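Examining the three-dimensional arrangement
Spelled out from the first residue to the last, the chains are:
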Amino acid sequence: MHSLPDHKGYFGSFGGRFVPETLMTALLELEESYRNFKENPQFQQELQYYLQQYCGRPTPLYYADRLTKRLGGAKVYLKREDLNHTGAHKINNTLGQGLMAVKMGKKRVIAETGAGQHGVATATVATMFGLKCTIYMGEEDIRRQELNVFRMKLLGASVIPVSSGSKTLKDATNEALRDWVANVDNTHYIIGSVVGPHPYPAMVRDFQKVIGLETKDQLFNIAGKLPDYLVACVGGGSNAAGFFYPFIEENAVGLIGVEAAGKGLSTAYHAATLSAGKPGVLHGNLSYLLQDEAGQVAIAHSISAGLDYPGVGPEHAYLKESGRACYVAVTDAEALKAFRMLARLEGIICALESAHALAYLEQLAPKLSTQQSVVVCLSGRGDKDVASVSKALKEADL
Amino acid sequence: MNRIDSTFGRLRMENRKGIIAYVTAGDPDLETTEKIVLKLAESGASMVELGVPFSDPVADGPVIQAASARALKNKVTLEKVLDLAGRIRKYSDIPLLVMTYYNPVYAYGNKRFVEKALASGLDGVIIPDLPLEEAGLPAKSLREAGLHYIYLLAPTSSPSRIKKTVTSASGFIYCVSVAGVTGARDFITTAGLRLLKDTRSLTDLPLALGFGISCPEQVRALGDQADAVIIGSALVKLIEKGGTEEEVLERVGSFLNKFRC
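Here's a quick rundown of the structure. It should be emphasised that the depicted structure is a prediction, and the values quoted were computed from it without experimental measurement.

About the thresholds
Each chain has its residues counted from 1, following the order in which its sequence is written. Here the convention is simple: chains get letters from A, ligands get numbers from 1, in the order in which they are written. Two thresholds apply to this predicted model, a pLDDT of at least 70 for residue-level local features and 80 or more for giving and counting side-chain atom pairs, whereas whole-chain, interface and lining totals are computed over all residues. Heavy atoms throughout the structure, all of them, feed into the side-chain values; hydrogens and water do not. Only DSSP runs of H or I with at least four residues qualify as helices, and only runs of E with at least two residues qualify as strands; both kinds are numbered from the N terminus onward. This radius of gyration counts C-alpha atoms alone. The globule rule is 2.2 Å times how many residues there are, raised to the power 0.38. Throughout, a contact is declared for two residues whenever any of their heavy atoms are within 4.5 Å. Pairing of aromatic side chains here covers Phe, Tyr and the six-membered ring of Trp, requires ring centres within 6.5 Å, and sorts the geometry by plane angle: under 30 degrees stacked, over 60 edge-to-face, intermediate tilted. Here's the idea: put two parts together, see how much 1.4 Å probe accessible area each one loses, and the total over both is what we call buried area. In what follows, salt bridge is the name for a side-chain nitrogen of Lys or Arg lying within 4 Å of a carboxyl oxygen of Asp or Glu. For the purposes of these results, a polar contact is taken to be a pair of N or O atoms within 3.5 Å, where, inside protein, one atom must be able to donate a hydrogen and its partner to accept one; residues adjacent in sequence count only when each atom of the pair is a side-chain atom. Two strands pair under a simple rule: DSSP has to find at least two bridges between them. Between buried and exposed lies partly exposed: a residue is buried under 20% and exposed over 50% of the maximum accessible area for its type, with that area taken using a 1.4 Å probe on protein chains only. The definition of a right-handed crossover adopted here requires that, viewed with the strands pointing away, the path from the first strand over the helix to the second runs clockwise. Nonpolar core, defined: a set of buried Ala, Val, Leu, Ile, Met, Phe, Trp, Tyr and Cys residues in which side-chain atoms within 4.5 Å join the residues together.

**Here's the deal with the overall build of chain A**
If you tally the helices and strands in chain A, you get 16 helices and 14 strands. A compact globule built from 398 residues would reach a C-alpha radius of gyration of about 21 Å, and chain A, at 19 Å, matches this within 12%. C-alpha atoms of chain A, sized along the principal axes, occupy 55 × 45 × 40 Å. Put simply, 74% of the contacts in chain A that link residues at least 6 apart link residues at least 24 apart.

**Points about the environment of E139 of chain A**
Looking at where E139 of chain A falls in the secondary structure, it is placed in helix α6 (residues 139-144). Ignoring sequence-local partners within four residues, the contact set of E139 of chain A consists of P161, V162, S163 and K167 of chain A.

**Overview of the packing of aromatic side chains**
Overall, the coordinates contain 17 aromatic pairs over all chains when judged by the stated rule. In this structure an aromatic cluster arises from ring pairing among F18 of chain A together with Y102 and Y106 of chain B.

**Observations regarding the interface of chain A and chain B**
The partner chain B presents 33 residues to the 35 residues of chain A that form the contact. At the boundary of chain A with chain B, total buried surface from both sides reaches about 2,600 Å², with 53% on carbon and sulfur atoms. Contact with chain B buries surface across chain A, with E21, R178 and Q296 of chain A losing the most and accounting together for 26% of the total. Linking chain A to chain B there are two salt bridges. Between R161 of chain B and E21 of chain A there is a salt bridge whose closest N-O contact spans 2.9 Å. The tally of links between chain A and chain B comes to 17 residue pairs in polar contact (both at pLDDT 80 or more). Those elements giving two or more residues to the side of chain A that touches chain B turn out to be β2 (14-18), α1 (21-39), α8 (169-183), β11 (278-282) and β12 (284-289) of chain A.

**Quick word on the sheet that holds β12 of chain A**
Note: strands within a sheet are paired through backbone hydrogen bonds, in either parallel or antiparallel orientation. Residue and element names in this part refer to chain A. Pairing within the open sheet is antiparallel, and its four strands lie in the order β1-β2-β12-β11. Because the sheet does not close on itself, it has two edges, and the strands there are β1 (10-11) and β11. Of the strand pairs in this sheet, β11 and β12 are connected by five bridges, and their pairing is antiparallel. Of the residues in β12, the one forming a bridge with L282 is N285.

**Focus: the pairing of strand β8 (residues 207-210) of chain B**
All names here are of chain B. Every second residue of β8 is oriented toward a common face, with L207 and L209 on one face and A208 and G210 on the other, all of them buried. Judged from the four bridges that link them, strand β7 (residues 173-176) and β8 form a sheet pairing that is parallel. When the sheet's bridge partners are listed, V176 is paired in β8 with G210. As judged from the two bridges shared by β8 and strand β9 (residues 228-231), these two strands associate in the parallel manner. Counted as the bridge partner of L209 is V229 from β9. Between β8 and its parallel partner β9, the chain crosses via helix α10 (residues 216-222), and the hand of that crossover is right-handed.

**Focus: the nonpolar core**
By size, the foremost hydrophobic cluster in this structure holds 98 residues, and its most contacted members are F244 of chain A together with L40, L50, V98, F113, L122 and I231 of chain B. For this core, the leading source of residues is helix α4 (residues 78-91) of chain B, giving six residues. When sequence neighbours within four positions are dropped, the list of residues in contact with L40 of chain B reads A21, V23, A45, V48, L235, V252 and L256 of chain B. Counting 59 residues, the second largest nonpolar core, distinct from the first, contains V149, L177 and V297 of chain A together with V58 of chain B.

**What about the side chain of K79 of chain A?**
Following the sequence through the fold, K79 of chain A ends up in strand β4 (residues 75-80). Since its relative accessible area comes to 0%, K79 of chain A is described here as buried.

**Concerning the pattern of salt bridges**
Residue and element names in this part refer to chain A. Counted by the stated rule, this structure contains 42 salt bridges over all chains. Salt-bridge contacts for R80 lead to D82; the nearest nitrogen and oxygen are separated by 2.9 Å. Residue R80 shares its accessibility class with D82, and that shared class is buried. A salt bridge links D171 to K170; the shortest N-O distance between them is 3.4 Å. In this structure, D171 and K170 share a single accessibility class: buried. Several salt bridges converge on common partners, so that one network encompasses R17, E31, E32 and R35.

Okay, here's the thing in structure tokens:
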């Protein structure tokens, strides 16, 4: 597997550590700890235990027969991250970072959350490991994801509403960073995606690479070969990063990240950072960014709270520039249709985030032969979204 | 000679402590900021820091966040703040710094930024999200143009980081008094004092203490442990209170006057 990032945290020209001096010592310590845990068999064994016994891994790789027939082309497999405990891939990372926090002697964890899936996964793990937990969430997201807010509170976390800026994930991240600056001695910040300053993008990817490793083994057992394409949604990009990583050096496997085109790339209402942004610095790293001419960060828009972020992980920026992966975007309406299609054909209600990856399949699968295969990362389940989907379907007259 | 160096030279000869006043440029508007800067210069400020508003100011507390949001509503940009510095420079010799997050500089282009900063008569640049490891290139090009790139140190900075920072630093070192964001506090933490002491033992460069400085008592209690203090949120709050332009100028002027020593 490729060896990036380099020792300064760069994937090619993207990544780095753009944070206030107050956090630098903590980041250097975290990098050191992470390097040790990565090589430590006992830590890895303990993490495996929790992934299997607590989280329910490995998650199935499901051949979606009816969906395949409907699309009329490549065989479609779904990597069922929605079947993880708490309902999304997010817990792969929070278990890893939570266990690290315990080993580093931290008593408190904090996190930002958009859709609430990362917040729930953090609150869950914090409770299980006996850590205090504070979750920052934008007011707009609190409104959209009421169910997850209740779940976090039920799990004993305190949820702090963030009312600055766009009142979404970007602003929740700002507030979590401010908390960390002030409490860095006793607090570990569990960043939920492959964003933030080094070592987060690499560390979160490594905790998520279990998705890709399992997929590789499972498909080999079923079909005796590698997939032709992997398709995953990209907000910050953690499920895609972990899904792609074990395949990066398998050049025959096409890697496709699907961003949220919101109301369309020609409007101001989208969250397609790699498709429509340009390089910039936000939340500690240099990557693609939605921004205006003066370098002010733009407000992203997506029907999916988990993709509603104007930045993206620096490794994705690198994979785009190097041409190894390609990034496309689908609209709110296309995602909604895919959401309903999967429910009707396969009896699976997936997260709106994952529905973006599925929506792209309608363009991809029919162009491929029936001998070819595509694996879609079904990053989460859709219980959290049913209320907003019901409203959106009515509004869009779909 | 850079105005920051000559000012600290003079302060040391007169055995006085410097007052560095921070305002968010464009709050309430750029014309008023210009008048406020002149008022600050008349009222005992030794240097002025012009804050460039940013959409995501992670190192700032609520007061400067709100000022930043107001200035952004006025469409204030890095370029407009540098133009403001240029106008002030025409009739004042007070050392001027800009404090900006890195993305506006990155979007403007490093080279273009240095040229414009020089042409505007700027003396120094502070970029709170550009630590030692990332500051290399911008710091070097600013310095070659005769401007200071001001490094920050925090109570969490390790001894080896303090050592590396003092070797790279010029102008002065911005010592952050607390592990936290900007905002007025009424005491100085022992961690802040220890940082000053540790840094002093390694360098003769002027040390400025910032974050949380809001009253003359704090400054007097500091004695000669710092060469200057930076006053930000406390001033911004007085500007936020509003009223007529005369009232605002009178308010910031009399506030700053209390710090003369």
